[in-house]
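Listed here are the chains, written in short residue letters.
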Amino acid sequence: MLTKSRRYFYDWLAIAEPIAPTTALRKKAGRGVGKYSAPVPGQPQTQNINKPREKGSITDDMISPVRAKRDVWFINTVPYKGGHFAAYPPLLAETCILAGCPKGGIVLDPFMGSGTTGLAAKRHGRHYIGIELNTEFCSLARERIGGDTH
């Protein structure tokens, strides 16, 4: 995801992940002063989960069931039967589109290939612009996305 602007659209909640069950248990447990109660080098303050607190001071209704998506994404590959050798999983495009483009917005794919990004954009109510030099790949993308241009 790229942006030239200091102000840009980012919907972290659209790609949020559920928290681990152990996270809720750790938050509800008490925490004394220890080696983790000090800030980690490079971070301005102690992580909330490591701050000293009394057991029971955090209740279930205070704990968010989701967390922000992490830096490393685990996305499985999926087969593509078309004649393109480098088609990537639609979930990869969907994740970026949901986080970085509002509904009705425009997604630009400068290397359209088999049309994975256009397909994901169309599925999620976004418009898309695809650029592709190879006319065979243009045909693959049109066939894969289907319908009129969006």
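## Looking at the overall build of the protein chain
If you tally the helices and strands in the protein chain, you get four helices and four strands. For 150 residues, the compact-globule estimate of 2.2 N^0.38 gives 15 Å, and the C-alpha radius of gyration of the protein chain, at 21 Å, exceeds that figure by more than 25%. Each principal axis of the C-alpha distribution contributes one length, and for the protein chain these read about 65 × 35 × 30 Å. Counting every position in the protein chain, which comprises 150 residues, the buried fraction comes to 25%. Sequence separation of at least 24 residues holds for 56% of the intrachain contacts in the protein chain that already meet a minimum separation of 6. Approximately 11,000 Å² of the protein chain is accessible, and the part contributed by carbon and sulfur atoms is 58%.

## A look at the pattern of salt bridges
The tally for this structure, following the rule as stated, stands at four salt bridges. Across the pair glutamate 17 and arginine 67 runs a salt bridge, and its minimum N-O distance is 3.0 Å. Placement of the pair is glutamate 17 in strand E1 (residues 17–18) and arginine 67 in strand E2 (residues 66–67), with a sequence separation of 50 residues. Here glutamate 17 falls in the buried class, since its relative accessible area comes to 17%.

## Observations regarding the pairing of strand E4 (residues 127–130)
Pairing of strand E3 (residues 106–109) with E4 involves four bridges; the strand directions are parallel. Bridge pairing in E4 places aspartate 109 opposite glycine 130. One crossover worth recording links E3 to the parallel E4 by way of helix H3 (residues 116–123), and it is right-handed.

## With respect to the packing of helix H2 (residues 90–100) against H3
In the contact formed by H2 and H3, the axes pass within 9 Å of each other and the chain directions differ by 55°. As summarised for this structure, H2 and H3 are arranged oblique, according to the angle between their axes. You can see that H2 and H3 cross each other, and the crossing is right-handed. Across the interface between the two elements, Pro90, Ala93, Glu94 and Ile97 from H2 touch Thr116, Thr117, Ala120, Ala121 and Arg123 from H3. Each residue belonging to the contact of H2 with H3 can be placed in one class, and the counts come to five nonpolar, two polar and two charged.

Cut-offs applied
Residues numbered from 1 in each chain as written. Predicted model: local features only at pLDDT ≥ 70, side-chain atom pairs only at ≥ 80, totals over all residues. Heavy atoms only, no water. Helix = DSSP H or I, 4+ residues; strand = E, 2+ residues; numbered from the N terminus. Rg over C-alpha atoms; globule rule 2.2 N^0.38 Å. Buried < 20%, exposed > 50% of the residue type's maximum accessible area, 1.4 Å probe, protein only. Contact = heavy atoms within 4.5 Å. Areas by Shrake-Rupley, 256 points an atom, 1.4 Å probe, with all protein chains shown as cover. Salt bridge = Lys/Arg side-chain N within 4 Å of Asp/Glu carboxyl O. Pairing = 2+ DSSP bridges. Right-handed = clockwise from strand over helix to strand, strands pointing away. Axes fitted to C-alpha atoms, helices over the stretch in contact; angles between N-to-C directions. Parallel < 35°, antiparallel > 145°, perpendicular 65-115°, else oblique. Left-handed = near helix turned anticlockwise from the far one by under 90°. Nonpolar A, V, L, I, M, F, W, Y, C, P; charged D, E, K, R; others polar.

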